[in-house]
Amino acid sequence: MQRATMCTGKCSKCIGITLFPLAACAIVCNILLYFPNGQVLQLSEITDLVWFFHGILGAGILVILPAFMMLGAGGAGCCANRCGMLLSVVLAVLGFAGGAYCVVISSLGLIGGPLCDTGDGEYLYPFRNDTLEGNYLFNQTTWSICKEPENIILWNIILFSILLAIGAIEAILCFIQVINGLAGFICGTCMRKRKMNISGM
C-alpha cells in the first residue's frame, strides 16, 4: 500500500515528461505535411486532411496542457495533492481525446492518399476510391501516378504513420494517467508522511 501511494505521483511525473517530446514531434510532423518534399505549395494543392491540425492541435496542444498538469501533480513524488491529481485526470481525458483524434485523422490520411498532380496539371485524389484490398499502400507500382509534388506519396505515408504512432502512444499514456490520477485522488496523503507524523507524536 505504501509503495502504491508513493508511485502515483512519480508515475504522473514520468508520463508528463514523456508526453512533451511526443507532442513536439507531432507538431513538427504536421507542419512538414504542408511542405511535401520541402516544396512550398498553394493552399489548394495541400491534402485536405492536413488542415484538420491533428498533429498541431490534437496530438500537440491538447497533450501539452495535461503534460504540464501531470508534472505539477507529480512534482512532490507522492499523491498528497488531491486537487492536482483530480485536475490531471480531467486534462488527461482531454489528452486522450487529442491522441485519439490524431489516430483517426492519420488513419484516414493513410487510407485516402495524398492530393497530387497526375500529369495533366490538375490536382486530385487518385486513391480515394480504392478498395482496402487494392489500396495503394499495398501496391507500390501505383505510386507513379502522382507526378507532382515529387515523392508526395512516400512523404505522406511516413509522416502520417509517425503521427498515427504518436497519437496512439499519447492516448495510451493519457489513459494510464486517468487511472493513476484517480488512484492518487482516492489515496490522498502519502502513507510515508502519515507514518512519520504518527511516529513523531
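One numbering rule holds for all chains: residues counted from 1, following each sequence as written. Restriction of local features to residues with pLDDT of at least 70 applies here, the model being predicted, together with a cutoff of 80 or more for giving and counting side-chain atom pairs; totals for whole chains, interfaces and linings are based on all residues. Only heavy atoms go into the side-chain values, all of them from the structure, while hydrogens and water stay out.

Can you walk me through the overall build of the chain in this structure?
Helix and strand assignments follow DSSP, with helices taken as H or I runs no shorter than four residues and strands as E runs no shorter than two, numbered in order from the N terminus. For the chain, the helix and strand inventory stands at 5 helices and 2 strands. Sequence-ordered secondary structure for the chain, helices as α and strands as β, is α-α-α-β-β-α-α. Residue contacts are defined here by distance: any two heavy atoms, one from each residue, within 4.5 Å place the two residues in contact. A sequence separation of at least 24 residues applies to 79% of the contacts in the chain between residues at least 6 apart. Only the protein chains shown count as cover for residues, and all accessible areas are computed by the Shrake-Rupley method using a 1.4 Å probe. As displayed, the chain offers around 10,300 Å² of accessible surface, 71% of which is attributable to carbon and sulfur atoms.

Could you clarify how one ought to interpret the side chain of E170 in this entry?
Counting through the fold element by element, E170 comes out in helix α4 (residues 152-187). The buried charged residue E170 lacks any salt bridge partner; its closest oppositely charged side chain belongs to K13, at an N-O distance of 20 Å. Throughout, exposure labels follow a simple rule: accessible area from a 1.4 Å probe, protein chains only, divided by the maximum for the residue type, with under 20% read as buried, over 50% as exposed, and the rest as partly exposed. Charge assignment: positive for Lys and Arg, negative for Asp and Glu; neither His nor the chain ends contribute. Criterion for a salt bridge: a side-chain nitrogen of Lys or Arg within 4 Å of a carboxyl oxygen of Asp or Glu.

How should the nonpolar core be read in this particular structure?
One broad trend across soluble globular proteins is that nonpolar side chains are buried collectively. Counting 34 residues, the largest nonpolar core has L19 and I153 as the members making the most contacts within it. Looking at this core, the elements with two or more residues in it are α1 (2-32), α2 (54-73), α3 (82-112) and α4. Residues contacting I153, with those up to four places away along its chain left out, are P114, F127, Y136, W143 and C146. Take the buried Ala, Val, Leu, Ile, Met, Phe, Trp, Tyr and Cys residues and link them wherever side-chain atoms come within 4.5 Å; each set so joined is a nonpolar core.

How do you make sense of a nonpolar patch on the surface when you look at a structure like this?
Here a patch means residues that are over 30% exposed by relative accessible area and free of salt bridges, tied together within 9 Å if like-charged and within 5 Å if nonpolar (Val, Leu, Ile, Met, Phe, Trp, Tyr). Taken together, the side chains of L43, W51, F53, L57, I61, L65 and L94 make up a nonpolar region of the molecular surface, amounting to roughly 620 Å² of accessible area. The element that contributes the greatest number of residues to the nonpolar patch is α2, accounting for 3 residues. Summarising the element assignment, W51 is placed in the loop between α1 and α2.

Any functional reading would require information beyond the geometric quantities listed.
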